[in-house]
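These are the residues of each chain, in order.
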Amino acid sequence: LQGRDEPDRYLDLLLSAAEEADLVFIIPGYFFEEQIAQVVPEFPDTTFVYVDGQASLEDMMSIRFLENEGSFLAGALAAKMTTRTDVLDMADDAKVVGVMGGADMPVIHNFMVGFLQGVSYADPEVEALDKFAGTHFDPAKGKETALSMYEGGADILFQVAGPTGLGVFEAAKEANKYVIGVDSNQKPLAPENTIASMRKRVGDSIFDFTQMFINGETTLGTLYPYGLAKNGVGIDYGELEPDLVPQDVKDYIDELGQQIIDGEIIVDEYVD
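Criteria and cut-off values
- Residues numbered from 1 in each chain as written.
- Predicted model: local features only at pLDDT ≥ 70, side-chain atom pairs only at ≥ 80, totals over all residues.
- Heavy atoms only, no water.
- Salt bridge = Lys/Arg side-chain N within 4 Å of Asp/Glu carboxyl O.
- Helix = DSSP H or I, 4+ residues; strand = E, 2+ residues; numbered from the N terminus.
- Buried < 20%, exposed > 50% of the residue type's maximum accessible area, 1.4 Å probe, protein only.
- Pairing = 2+ DSSP bridges.
- Axes fitted to C-alpha atoms, helices over the stretch in contact; angles between N-to-C directions.
- Polar contact = N/O pair within 3.5 Å; in protein donor to acceptor, adjacent residues only side chain to side chain.
- Contact = heavy atoms within 4.5 Å.
- Core = buried A, V, L, I, M, F, W, Y, C linked by side-chain atoms within 4.5 Å.
- Parallel < 35°, antiparallel > 145°, perpendicular 65-115°, else oblique.
- Left-handed = near helix turned anticlockwise from the far one by under 90°.

**Some words on the pattern of salt bridges**
Piece 1. Enumeration over the complete set of coordinates arrives at 15 salt bridges.
Piece 2. Across the pair Lys200 and Glu67 runs a salt bridge whose closest N-O atoms are separated by 3.7 Å. Highlighted residues: Lys200 in strand E8 (residues 194–200) and Glu67 in helix H3 (residues 67–81), separated in sequence by 133 residues.
Piece 3. On the basis of relative accessible area, Lys200 is assigned to the buried category, the value being 6%.
Piece 4. A salt bridge links Asp92 to Lys177, with the nearest nitrogen and oxygen atoms 4.0 Å apart. Residue Asp92 is located in the loop between H3 and strand E4 (96–101), and its partner Lys177 is located in the loop between helix H6 (166–175) and strand E7 (178–183); the two are separated by 85 residues in the primary sequence.

**Some words on the sheet that holds strand E2 (residues 47–51)**
By definition, the strands of a sheet pair up through backbone hydrogen bonds, in either a parallel or an antiparallel sense.
Piece 1. Ordered by their spatial adjacency, four strands build an open sheet running E1-E2-E3-E9, and the pairing between neighbours is parallel. Looking at strand neighbours, the two that pair on one side only are strand E1 (23–26) and strand E9 (223–226), the edges of this open sheet. Between one strand and the next, the sheet's axes are offset by a mean angle of 20 degrees, whatever the strand orientation.
Piece 2. As paired strands, strand E3 (residues 61–65) and E9 are joined by four bridges and run parallel to one another. Note that in E9 the partner of Arg64 across the bridge is Pro225.

**Quick word on the side chain of Asn68**
Piece 1. For Asn68, the position within the fold is in helix H3.
Piece 2. Within the structure, the side chain of Asn68 is placed 2.9 Å from the backbone oxygen of Asp268, a separation counted as a polar contact.
Piece 3. Apart from the residues within four sequence positions on either side, Asn68 is in contact with Asn110, Gly114, Val267, Asp268 and Glu269.

**Here's the deal with the nonpolar core**
Piece 1. Formed by 53 residues in total, the largest nonpolar core has its most connected members in Leu77, Ile156, Phe158, Ile195, Phe209 and Ile235.
Piece 2. At eight residues, the largest contribution of residues to this core is made by H3.
Piece 3. Aside from chain neighbours lying at most four places away, what touches Phe158 is Ser71, Ala74, Gly98, Val99, Met100, Phe111, Phe115, Ile180, Gly181, Val182 and Met198.

**Details of the environment of Leu220**
Piece 1. Note that Leu220 resides in the loop between helix H7 (202–214) and E9.
Piece 2. Residue classification places Leu220 among the exposed positions, given a relative accessible area of 51%.
Piece 3. Along the primary structure Leu220 and Glu19 are separated by 201 residues, whereas in three dimensions their C-alpha atoms are 19 Å apart.
Piece 4. The contact partners of Leu220, leaving out residues within four places of it in the chain, are Glu58, Asp59, Met60 and Met61.

**Topic: the packing of H3 against helix H4 (residues 106–122)**
Piece 1. As a packed pair, H3 and H4 sit with axes 6 Å apart at the nearest point and diverge in direction by 40 degrees. With respect to each other, H3 and H4 are oriented oblique. Along this stretch, H3 crosses H4, giving a crossing that reads as right-handed. Counted together, Glu67, Asn68, Ser71, Phe72, Ala74, Gly75, Ala76, Ala78, Ala79 and Lys80 of H3 and Val107, Asn110, Phe111, Gly114, Phe115, Gln117, Gly118, Val119, Tyr121 and Ala122 of H4 form the full contact between these two elements.

**Description of the sheet that holds E4**
Piece 1. The six strands lie next to each other as E5-E4-E6-E7-E8-E10, forming an open sheet whose pairing is mixed. Of all strands in the sheet, those bounded by a partner on one side alone are strand E5 (127–132) and strand E10 (233–236). Across this sheet, the average inter-strand angle for adjacent strands is 20 degrees, counted without regard to direction.
Piece 2. As paired elements, strand E6 (residues 156–160) and E7 share three bridges and run parallel to each other. When the bridges of E7 are listed, Phe158 appears paired with Ile180.

The analysis is restricted to geometry; functional conclusions fall outside its scope.
Given below as structure tokens:
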């Protein structure tokens, strides 16, 4: 259950899961820390896993996605595509891209840090705008903020704003610009305007973690990172037409990803 508008329902569901299951994944953990603090201590025989962040309770385990690594690739992709008017007929020759966050939170800063570093790495001449909409739950505000960034010269925006980010796709269609989605494959929201998405592969991480749990390879209080090396994050171009990214750019992004995995590129991380 996602969203903060039904805390009582979430508490009931969490209690129900704790009573019936040996292993409970809480997704996304950071939305419901108050409910987690109420439930976890009551069920010492149930293993709880805080997904997409780090739990404050010692008797939990955590899965954290290295969004800065995936965002580095999104930034490099934006930098390489901003002047590719041969394939992006709504782009221009100006080297300006941007990243729009929702609420001002450390995790969103971590997205932004990776994105900005990726832009600079791929092309130091590209200007990268960054702006917060101020909320994660207002698509209209997301559209308004995105339109201001498109008007400021960006032709590609990376949205990291939760439901607020849905407004970026509407803005891209209205302004005839482009967007990079986040967390899941968001190309279906605007196929003509979405060049790719930076995915968090939650399902893959849960499957992998469950196998480790069954094999007795997990430890309470431990943080388990899922970045490019463990396929926890990555670029998804989507299967819908049109395919807006040429193969030479895809190959370049793949090379950068491997360099990050090999430790040849160290991606910066936001420190709160």
